[in-house]
Amino acid sequence: EATTIYIPVVFHIVLRNPLLVTDAQVQAQIDRLNTDYAGLNGDSTLIPAWFKGVYAKPNIQFRLAQRNANDEPSDGIERVTTSINNFSIDDTRVKYTSLGGADSWDHNRFFNVWITDLSQTYLGYSTFPNYGKAAEDGVVIKYTTLPGNPGVYGLGRTLVHETGHYFNLIHIWGDDTGCNGSDYCADTPEQGNYTSGCLRDSIHIDNCSGVGTKGVMYQNFMDYTDDACMVMFTLDQKARMETCISDDRPSLLT
Ligand code: ARG
Ligand code: ZN
């Protein structure tokens, strides 16, 4: 059995009424992360036979921080009342207490996750490793993406997806609309553009798949499908996340 990696997480809940998000919802979100990053999700039965061989169990696990940045006891959940209705994805105020948000905890020791309200239809966003501004390193998610919320993005998988970016994963279609963009993972098929909704069909060929292939892997956490339809990381994605942790984020483990 491979060694399990444990990542300490702090959730900064920044809302007009931060009590809208309960401790139980935060725990359910941690559980969702742990189940999916262990590869123990029951809905992995949706993976078609031809992709089962690359279904990975990353063995990355997440724990609510038990000490804060000053080494005092903490439950890893911080609530901040803001007067700002919502934030856009380029609005960094959510990451600064002085601007109506919440300061990050030392990004070398904690995985910082801000739960807030986002404008437009944004669900969440993440920094990639080696992001220049340490105070802004981490993930921001809309509070309605936590498990137990209504709608197709209410199962907590936005944070699963964003955490993939935090560990250096790129969208599986390579972030272009042609066939040249890559996610640098050889076991995710060529894919022209993102997939939305929930196909639940069999082989889904797109303009980059090529004849006779098994089509795109719309069941992947790094596509744009509905929460109920994204169910897997691949072996190469697991390896890429592990490389990121050991090369770029090793201090999270100490
Ligand atoms: N659009 C966001 C991103 O690119 C999040 C997509 C999350 N999808 C989901 N089914 N929860 O980071
Ligand atoms: Zn993304």
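Going by the structure above, here's the rest.
A brief look at the structure comes next.

### Some thoughts on the overall build of the protein chain
Here's step 1: The secondary structure content of the protein chain amounts to three helices and six strands.
Here's step 2: For the protein chain, the N- to C-terminal ordering of α and β elements is β-α-β-β-β-β-β-α-α.
Here's step 3: Relative to its length of 254 residues, the protein chain is compact, with a C-alpha radius of gyration of 18 Å against a globular reference of 18 Å.
Here's step 4: Within the protein chain, contacts between residues separated by at least 24 positions form 68% of all contacts whose residues are at least 6 apart in sequence.
Here's step 5: Approximately 11200 Å² of the protein chain is accessible, and the part contributed by carbon and sulfur atoms is 52%.
Here's step 6: Distance between charge centroids for the protein chain: 4 Å, based on 18 positive and 31 negative side chains.

### Quick look at the state of the cysteines
Here's step 1: The tally for this structure, following the rule as stated, stands at two disulfides.
Here's step 2: Here Cys 179 pairs with Cys 208 through a disulfide, and the sulfurs are 2.0 Å apart. Every disulfide takes its handedness from the sign of the S-S torsion; for Cys 179 and Cys 208 that torsion is -80 degrees, giving left-handed. A residue pair is termed long-range when its members are at least 10 positions apart, and Cys 179 in the loop between α2 (157-166) and α3 (235-247) and Cys 208 in the loop between α2 and α3 qualify at 29 residues.
Here's step 3: On the accessibility criterion, Cys 179 (37% relative accessible area) is partly exposed.

### A word on the side chain of Thr 163
Here's step 1: Looking at the secondary structure, you find Thr 163 in helix α2.
Here's step 2: Engagement of the side chain of Thr 163 in a polar contact is seen with the backbone oxygen of Leu 159, the distance being 2.6 Å.

### Quick look at the environment of Gly 100
Here's step 1: Following the sequence through the fold, Gly 100 ends up in the loop between β3 (77-81) and β4 (111-116).
Here's step 2: Judged by its relative accessible area of 22%, Gly 100 is partly exposed.
Here's step 3: A C-alpha to C-alpha distance of 8.1 Å links Gly 100 and Thr 81, two positions 19 residues apart in sequence.
Here's step 4: If sequence neighbours within four positions are ignored, Gly 100 has contacts with Val 14, Thr 82, Ile 84, Phe 87 and Arg 93.

### Observations regarding the environment of Arg 32
Here's step 1: Examined against the element boundaries, Arg 32 turns out to sit in helix α1 (residues 23-38).
Here's step 2: Taking C-alpha positions, Arg 32 is 19 Å from Leu 20, a pair spaced twelve residues apart along the chain.
Here's step 3: At a separation of 2.9 Å, a polar atom in the side chain of Arg 32 contacts the side chain of Asp 36.

### As for the nonpolar core
Here's step 1: Residues Ile 7, Phe 11, Ile 60, Phe 62, Ile 115 and Phe 167 are the most contacted members of the largest nonpolar core, which totals 42 residues.
Here's step 2: Elements with a minimum of two residues in this core: β1 (5-15), α1, β2 (60-64), β4, β6 (139-142), α2 and α3.
Here's step 3: Here the element with the most residues in this core is β1; it accounts for six residues.
Here's step 4: If you look at the next biggest cluster of nonpolar residues, it comprises ten residues, including Val 80, Trp 114, Tyr 125 and Val 140.

### Topic: the site of ligand 1
Here's step 1: Around ligand 1 there are 14 residues in total, and Thr 158, Glu 162, Tyr 224, Thr 225 and Asp 227 lie nearest to it.
Here's step 2: One of the side-chain nitrogen or oxygen atoms of His 161 is found 3.3 Å away from an oxygen atom of ligand 1.
Here's step 3: For ligand 1, a nitrogen atom lies 2.7 Å from a polar atom in the backbone of Thr 225.
Here's step 4: Starting from 350 Å² of accessible surface for ligand 1 in isolation, the protein chains cover 89%.
Here's step 5: At five residues, the largest contribution of residues to the shell around ligand 1 is made by α2.
Here's step 6: Split into classes, the residues belonging to the shell around ligand 1 amount to four nonpolar, six polar and four charged.

So, how was this worked out
- Residues numbered from 1 in each chain as written.
- Chains lettered and ligands numbered in written order.
- Predicted model: local features only at pLDDT ≥ 70, side-chain atom pairs only at ≥ 80, totals over all residues.
- Heavy atoms only, no water.
- Helix = DSSP H or I, 4+ residues; strand = E, 2+ residues; numbered from the N terminus.
- Rg over C-alpha atoms; globule rule 2.2 N^0.38 Å.
- Contact = heavy atoms within 4.5 Å.
- Areas by Shrake-Rupley, 256 points an atom, 1.4 Å probe, with all protein chains shown as cover.
- Lys, Arg positive; Asp, Glu negative; His and termini not counted.
- Charge placed at Lys NZ, Arg CZ, Asp CG, Glu CD.
- Disulfide = S-S within 2.5 Å.
- Buried < 20%, exposed > 50% of the residue type's maximum accessible area, 1.4 Å probe, protein only.
- Polar contact = N/O pair within 3.5 Å; in protein donor to acceptor, adjacent residues only side chain to side chain.
- Core = buried A, V, L, I, M, F, W, Y, C linked by side-chain atoms within 4.5 Å.
- Near = heavy atom within 4 Å.
- Nonpolar A, V, L, I, M, F, W, Y, C, P; charged D, E, K, R; others polar.

In short, the description is geometric, and any link to function would need to be established separately.
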